[in-house]
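Chain and residue survey
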Amino acid sequence: MPGIIGKKIGMTSLFTTDGKYTPVTLIQAGPCVVTQVKTVETDGYAAVQLGYGDKKLKRVTKAEAGHCKKANTTAKKKVAEFDVEGISLNLGDTVDVNLFEEGEYVDVVGTSKGKGFQGVVKRHNFAGVGGQTHGQHNRARHPGSIGACSWPSRVFKGMRMAGRMGGNRVKIQNLTVVRVIADKNLLVVSGSVPGAKNSYVLIEK
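Residues numbered from 1 in each chain as written. Predicted model: local features only at pLDDT ≥ 70, side-chain atom pairs only at ≥ 80, totals over all residues. Heavy atoms only, no water.

**What to know about a nonpolar patch on the surface**
Side chains of Ile146, Trp151, Val155, Phe156, Met159 and Met161 sit close together on the surface and give an oily, nonpolar patch of about 560 Å² of accessible area. With respect to the helices and strands, methionine 161 occurs in the loop between α3 (120-124) and β9 (163-165). The class of methionine 161 is partly exposed, set by a relative accessible area of 31%. (Patch = residues over 30% accessible without salt bridge, like charges linked within 9 Å, V, L, I, M, F, W, Y side chains within 5 Å. Areas by Shrake-Rupley, 256 points an atom, 1.4 Å probe, with all protein chains shown as cover. Salt bridge = Lys/Arg side-chain N within 4 Å of Asp/Glu carboxyl O. Helix = DSSP H or I, 4+ residues; strand = E, 2+ residues; numbered from the N terminus. Buried < 20%, exposed > 50% of the residue type's maximum accessible area, 1.4 Å probe, protein only.)

**Focus: the pairing of strand β3 (residues 32-38)**
Counting buried positions over the seven residues of β3 gives five, a clear majority of the element. Pairing of β3 with strand β6 (residues 94-95), which is carried by two bridges, proceeds in the antiparallel orientation. By the bridge assignment, valine 33 is partnered in β6 with threonine 94. Bridge count between β3 and strand β4 (residues 47-54): five bridges; the pairing is antiparallel. The residue of β4 that forms the bridge with glutamine 36 is glutamine 49. (Pairing = 2+ DSSP bridges.)

**Points about the pattern of salt bridges**
Inspection of every chain in the model, using the stated rule, returns five salt bridges. The salt bridge involving glutamate 81 is made with lysine 38; its shortest N-O contact spans 2.6 Å. Remark: lysine 38 occurs in strand β3 and glutamate 81 occurs in strand β5 (residues 76-83); sequence separation between them is 43 residues. Residue classification places glutamate 81 among the partly exposed residues on the basis of a relative accessible area of 33%. Since its relative accessible area comes to 17%, lysine 38 is described here as buried. A salt bridge links aspartate 54 to lysine 76, with the nearest nitrogen and oxygen atoms 2.6 Å apart. You can see aspartate 54 sitting in strand β4 and its partner lysine 76 sitting in strand β5, a full 22 residues away along the chain.

Structure representation (structure tokens):
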């Protein structure tokens with residue numbers, strides 16, 4: 001299985017086996033239920049759909065309930081697809097944290113924290129004007145010039161300006177699996193993971 005759905009619990013730090021003090025992120029990885037199996041014959045590609053976290057009954061649509069009933073499970077809060085090649089899984093099968101081993105590398109996909117409307121200093125790491133020179137007093141964090149005059153008579157596409165920041169799909173690659181706590185479905189990975197606490201993430205091998 002190439003991956004699993006999880007929930008970011010938070011960050012802490014611990015000592016690794018070689019004595020290094022390492023910041024780590026705790027992820028509750030699974031258990032996930034196989035809610036759909038896609039094949040080349042029926043869907044044009046091979047994939048497995050996993051579901052994680054039970055949804056409240058009053059928030060379940062009939063379509064969701066019927067879809068998950070085929071796998072003999074309840075409707076799930078988070079559903080995601082994983083490409084599979086040569087892996088045989090059936091509807092209703094469970095995938096848990098035992099998929100991973102300590103020491104291997106994983107990629108984690110999450111939605112970064114939304115920052116709202118931000119200026120160029122925070123959003124694009126502009127330095128600002130700098131010192132209070134030549135009589136200027138109110139442009140320290142302003143973007144400055146955004147183009148020339150009569151040519152090109154427009155602002156070039158891609159010009160870095162202020163705007164909405166964060167809330168994007170972000171993948172962090174090559175995080176080390178520090179520990180696997182199977183009885184609590186916890187995965188401990190090195191470094192930070194995008195997203196707020198209790199947000200859903202995809203862990204890919």
